[in-house]
Structure formats: structure tokens, C-alpha cells
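Given next are the chains, with one letter for each unit.
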Amino acid sequence: MTAVLVLFGMIYFRFYIEGIVALAILDLLYGVGAPRFFNVTFVTSIVAVFVFVIVEAAKKKLKFYSHD
């Protein structure tokens, strides 16, 4: 649920770096190494950084998105 809210925050707000910080803290508290991802603990945080970069790039391409 938190990841969905962070995704909506990344889309709605201009530069929502707080979402990445929140997911990193959640990974620190509750993250365990996933064997599918080479026992990396911060899978959610790494995915959040990639999504953040993609969303910010997409916002610049959209005409109707203007948060001045």
C-alpha cells in the first residue's frame, strides 16, 4: 500500500524525493534479502529510484503537466 501511495505522490508532486526516502526506511526496517534478486535487501528502494527517474522524464514530455 505504501508503494502505491509513493507512486501517486511521484506522479502528482513536482519532485517527490520523500517517497524514495520513505521506501528506503521501510527497507531498512522490514527488508530481507530476496534470493531472486541476488540477496539484495533494498529491492523496493532501487525500484523506486528507477520509477522516479522514469516518471520525472515522462513529466517533462507531457504537455498538460505543468506545476510551475
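These numbers were taken from a predicted model, which means no experiment stands behind them.

*Asks:* Please clarify how helix 1 (residues 2-12) should be interpreted in this entry.
*Replies:* Spacing of three or four residues puts side chains on the same side of an α-helix, whose turn is 3.6 residues. Those residues of helix 1 not exposed but buried are V6, G9 and M10. Mapping the buried residues of helix 1 onto a view down its axis gives an arc of 100°, with all of them on the same face. Exposed residues lying more than 90 degrees from the buried face of helix 1 are L5, F8 and Y12. Those residues of helix 1 that are buried lie in contact with helix 2 (17-30) and helix 3 (43-61).

*Asks:* Even after reading the chapter, I still don't get the side chain of S45, so can you show me in this structure?
*Replies:* Relative to the assigned elements, S45 resides in helix 3. Overall, the relative accessible area of 9% leaves S45 in the buried class. Looking at S45, its side chain comes within polar contact range of the main-chain nitrogen of A24, at 3.4 Å. Setting aside anything within four residues of it in sequence, one finds S45 in contact with L23, A24 and D27.

*Asks:* Looking at this model, I keep getting lost on the packing of helix 1 against helix 3. Mind explaining?
*Replies:* The relative placement of two packed helices is expressed as an angle between their axes plus a distance between the axes. For the pair helix 1 and helix 3, the least separation of the axes is 9 Å and the interaxial angle reads 30°. Classified by the angle between their axes, helix 1 and helix 3 sit roughly parallel to one another. Both helix 1 and helix 3 take part in a crossing whose hand is right-handed. Contact residues: L7, M10 and I11 in helix 1; A48, V51, F52, V55, E56 and K59 in helix 3. The residue inventory of the contact of helix 1 with helix 3, partitioned by class, reads seven nonpolar, no polar and two charged.

*Asks:* Which parts of the structure should I look at to understand the nonpolar core?
*Replies:* A general feature of soluble globular proteins is that nonpolar side chains tend to end up buried together. The biggest cluster of nonpolar side chains holds seven residues, and these are V6, M10, I20, L23, A48, F52 and V55. Elements represented by at least two residues in this core include exactly helix 1, helix 2 and helix 3. Discounting chain neighbours no more than four positions away, the residues touching V6 are Y16, G19 and L23.

*Asks:* Can you help me understand a nonpolar patch on the surface in this one?
*Replies:* Where nonpolar side chains cluster on the molecular surface, the patch consists of F15, I17, V21, I25, L26, L29 and Y30 and spans about 720 Å² of accessible area. Among the secondary structure elements, I25 is positioned in helix 2.

*Asks:* For this particular structure, what's the right way to read the packing of aromatic side chains?
*Replies:* Centre distance and the angle of the planes are the two values used to describe a pair of aromatic rings. Taken as a whole, this structure holds three aromatic pairs when the rule is applied. A centroid spacing of 5.5 Å and a plane angle of 25° characterise the contact between F13 and Y16, whose relative ring orientation is stacked. Between the aromatic rings of F15 and F52, the centroid separation amounts to 5.2 Å while the plane-to-plane angle is 75°, which identifies the pairing as edge-to-face. Here F15, found in the loop between helix 1 and helix 2, pairs with F52, found in helix 3; they are 37 residues apart in sequence, far enough to count as distant. Taken together, Y12, F13 and Y16 form an aromatic cluster joined through their ring pairs.

Reading the values: rules and limits
Residues numbered from 1 in each chain as written. Predicted model: local features only at pLDDT ≥ 70, side-chain atom pairs only at ≥ 80, totals over all residues. Heavy atoms only, no water. Buried < 20%, exposed > 50% of the residue type's maximum accessible area, 1.4 Å probe, protein only. Helix = DSSP H or I, 4+ residues; strand = E, 2+ residues; numbered from the N terminus. Arc of directions from axis to C-beta. Contact = heavy atoms within 4.5 Å. Polar contact = N/O pair within 3.5 Å; in protein donor to acceptor, adjacent residues only side chain to side chain. Axes fitted to C-alpha atoms, helices over the stretch in contact; angles between N-to-C directions. Parallel < 35°, antiparallel > 145°, perpendicular 65-115°, else oblique. Left-handed = near helix turned anticlockwise from the far one by under 90°. Nonpolar A, V, L, I, M, F, W, Y, C, P; charged D, E, K, R; others polar. Core = buried A, V, L, I, M, F, W, Y, C linked by side-chain atoms within 4.5 Å. Patch = residues over 30% accessible without salt bridge, like charges linked within 9 Å, V, L, I, M, F, W, Y side chains within 5 Å. Areas by Shrake-Rupley, 256 points an atom, 1.4 Å probe, with all protein chains shown as cover. Salt bridge = Lys/Arg side-chain N within 4 Å of Asp/Glu carboxyl O. Phe/Tyr/Trp six-rings, centres within 6.5 Å; stacked < 30°, edge-to-face > 60°.

Nothing here speaks to function; it is geometry throughout.
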